[in-house]
Amino acid sequence: MKRILSALIISTVVVFAAGCSAKSSDEPETSGTMTENAVSEAAPEESLKLNVVSEGQEDAETNDSPQLRAASAQTDMESLSVAVSKEVDSAVAKAILDQNKGSYIKGECSGEGHIIMDVANESNSLKVYTLTMYGEYGFINDMFIKISGSGVIPAVISLQEGMDDSYTVIGYEEPEDGSGYTASLKELFPAHIYSRVSSISDSDRSYLTNAERQYARDYLASIGRSAKTGEYSDVDFQYPDIPEDIKKTIFDRYWEYPDWIGTTEAVENGVRYVYETQWKDYGNNDSMVYLTKYVYDTGEIIRTINVHIDNGVIESSEEKVLKIIGTTQMEKP
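Everything quoted here is computed from the prediction, not taken from an experiment. Each chain has its residues counted from 1, running along the sequence as written. In view of the model being predicted, local features appear only for residues whose pLDDT reaches at least 70, and side-chain atom pairs are presented and counted only at 80 or more, with totals across whole chains, interfaces and linings using the full set of residues. Note that water and hydrogens are dropped before the side-chain values are worked out from all heavy atoms of the structure.

(A) Looking closely at unusual backbone geometry. Although it is not a glycine, Asp-142 adopts a positive phi angle of roughly 70°. Think of it this way: any DSSP run of H or I at least four residues long counts as a helix, any run of E at least two long counts as a strand, and we number them from the N terminus. If you trace the backbone, Asp-142 turns up in the loop between β8 (125-140) and β9 (143-149). A positive phi angle is found at Asn-311, which is not glycine, with a value near 55°. One can find Asn-311 in the loop between β16 (301-310) and β17 (313-321).

As structure tokens, this is what we get:
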């Protein structure tokens, strides 16, 4: 059974890996993590080969994982750190994915990033002090965007070691929201890393973002797709120039379609469909909203909906279903 060794902090070493299966986003194949002074127990005499990542390189779209990287910012820890095994790292990644599953609007792929700041060895269990990030990704206007998820959240993850070097999550603690946040943060985290969790640095935030996005990039590669990854705020949304109550009426009824001018995508019964919204202004407060569902691979139109707006009022709605595709697997958020 592997044991965790203590090691004096000399520099910060990053162990990075990411993946998001095309078949399922629930099980991480690999993870994105940053550990303090990771040391190999099997071969302590061997030096680690590092690829130094400078600021500005964190967002480089690369799929060469797993690998070792050096952090662009040095830790302010002055205590001893420990080596983190691949099994511990994978257990932390899975814990974050499992903890956040179902808490946000579901996307096509989920991803996580984590920084392991320290590990406390407690009898037959480990207490892992981390910074975490979680995201759900989906297609918007041909971009693969984080449609929901978290920012940087400190978390303490407790792991029980098994007989086969595997780990089971026995505890997952985050600071309280609201007025109790600071007090609970002090209670959860030791003093030597409190400053790091109480004021998140740009370098830590950038690392976590890049680690989380690597899941999205790997997923895109697995489905043979090339697309820009990013945040919801990166999308230049354009909306139909119609009254808000009219817009609400249309998109409450046809909720599958984007309420902006553009597209979203969904995989239903193994087929990828595009939901597209277009709008045309005919002048004199007269316009038309065009909603179209079509097959991504072939462009075959499945359904069209034309909503005519005359003088700020819905005058008519014409819907044509061109092909019956069976029961959809898509659920309304």
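(B) Inspection of the pairing of β16 at higher detail. Here strand β15 (residues 286-295) pairs with β16 via 9 bridges, running antiparallel. For Leu-291, the partnering residue across the bridge sits in β16 and is Ile-305. Here, any two strands with at least 2 DSSP bridges between them count as paired. Adjacent in sequence and paired antiparallel, β15 and β16 are bridged by 5 residues, among which Gly-299 carries a positive phi angle near 80°. Count of turn residues in the β16/β17 antiparallel hairpin: 2 residues, of which Asn-311 carries a positive phi of about 55°.

(C) How the structure looks around the confidence of the model for the protein chain. A score between 0 and 100, pLDDT records how confident the predictor is in each residue. Per-residue confidence for the protein chain gives a mean pLDDT of 79, with 72% of residues at or over 70. Per-element confidence in the protein chain ranges from a low mean pLDDT of 26 for strand β4 (residues 51-52) to a high of 98 for β9. Under a pLDDT of 50 for its full length, residues 35-81 has, in the predicted model, 114 contacts with residues more than four places off or in other chains. Segment residues 327-333: pLDDT under 50, and 14 contacts once partners within four positions in sequence are set aside and those in other chains are kept. Contacts between residues were defined by any pair of non-hydrogen atoms, one from each residue, lying within 4.5 Å.

(D) Up close: the packing of aromatic side chains. Stacked, tilted and edge-to-face are the three classes applied to pairs of Phe, Tyr and Trp rings, where Trp contributes its six-membered ring and a pair requires centres within 6.5 Å; stacked means planes under 30 degrees apart, edge-to-face means over 60, and tilted covers the rest. On inspection of all chains with the given rule, the structure shows 9 aromatic pairs. Here Phe-237 and Trp-260 contribute two aromatic rings whose centre-to-centre distance is 4.9 Å and whose plane-to-plane angle is 70°, an arrangement assigned as edge-to-face. Of this pair, Phe-237 sits in the loop between β12 (229-231) and α5 (244-253) while Trp-260 sits in the loop between α5 and β13 (262-268), and the two are 23 residues apart along the sequence. The rule is simple: take the accessible area with a 1.4 Å probe, protein chains only, and divide by the maximum for that residue type; under 20% is buried, over 50% is exposed, in between is partly exposed. The exposure class of Phe-237 is buried, given its relative accessible area of 16%.

(E) Spatial organisation of the pairing of strand β11 (residues 167-173). Taken together, the 6 bridges between strand β10 (residues 153-161) and β11 define a ladder with antiparallel strand orientation. Bridging from a neighbouring strand, Ser-158 pairs with Gly-171 of β11. In this structure, the hairpin formed by β10 and β11 is closed by a connection of 5 residues, where Asp-165 is found at a positive phi of approximately 65°.

(F) Spatial organisation of the packing of helix α2 (residues 181-188) against helix α3 (residues 191-198). In contact at an axis separation of 9 Å, α2 and α3 are set at 140° when each is read in the N-to-C sense. Classified by chirality, the crossing of α3 by α2 is right-handed. Contacts from Tyr-181, Thr-182, Leu-185 and Lys-186 of α2 reach α3 at Tyr-194, Val-197 and Ser-198. A breakdown of the residues in the contact of α2 with α3 according to their chemical character gives 4 nonpolar, 2 polar and 1 charged. Axes, fitted as lines to C-alpha atoms, cover a helix only where it is in contact. Angles between the N-to-C directions of the axes lie from 0 to 180 degrees. Left-handed describes a crossing whose near helix is turned anticlockwise from the far helix through less than a right angle; right-handed describes the clockwise counterpart. Basically, the charged four are Asp, Glu, Lys and Arg, the nonpolar ten are Ala, Val, Leu, Ile, Met, Phe, Trp, Tyr, Cys and Pro, and anything else, Gly included, counts as polar.

(G) Focus on the pattern of salt bridges. Salt bridges are defined by distance alone: a side-chain nitrogen of Lys or Arg within 4 Å of a carboxyl oxygen of Asp or Glu. With the rule as written, the count across this model stands at 14 salt bridges. Where Glu-212 meets Lys-146, a salt bridge forms, and the shortest distance between an N and an O atom there is 3.1 Å. Here the residue Glu-212 occupies a position in helix α4 (residues 202-222), and Lys-146 occupies one in strand β9, the gap between them amounting to 66 residues. The two residues Glu-212 and Lys-146 agree in class, both being buried. With its nearest N and O atoms 3.2 Å apart, the salt bridge here joins Arg-213 to Glu-231. Note that Arg-213 is positioned in helix α4 and Glu-231 in strand β12, a separation of 18 residues in sequence. A relative accessible area of 25% places Glu-231 in the partly exposed class. One continuous salt-bridge network, built from bridges that share partners, spans Glu-108, Arg-225, Glu-265 and Arg-272.

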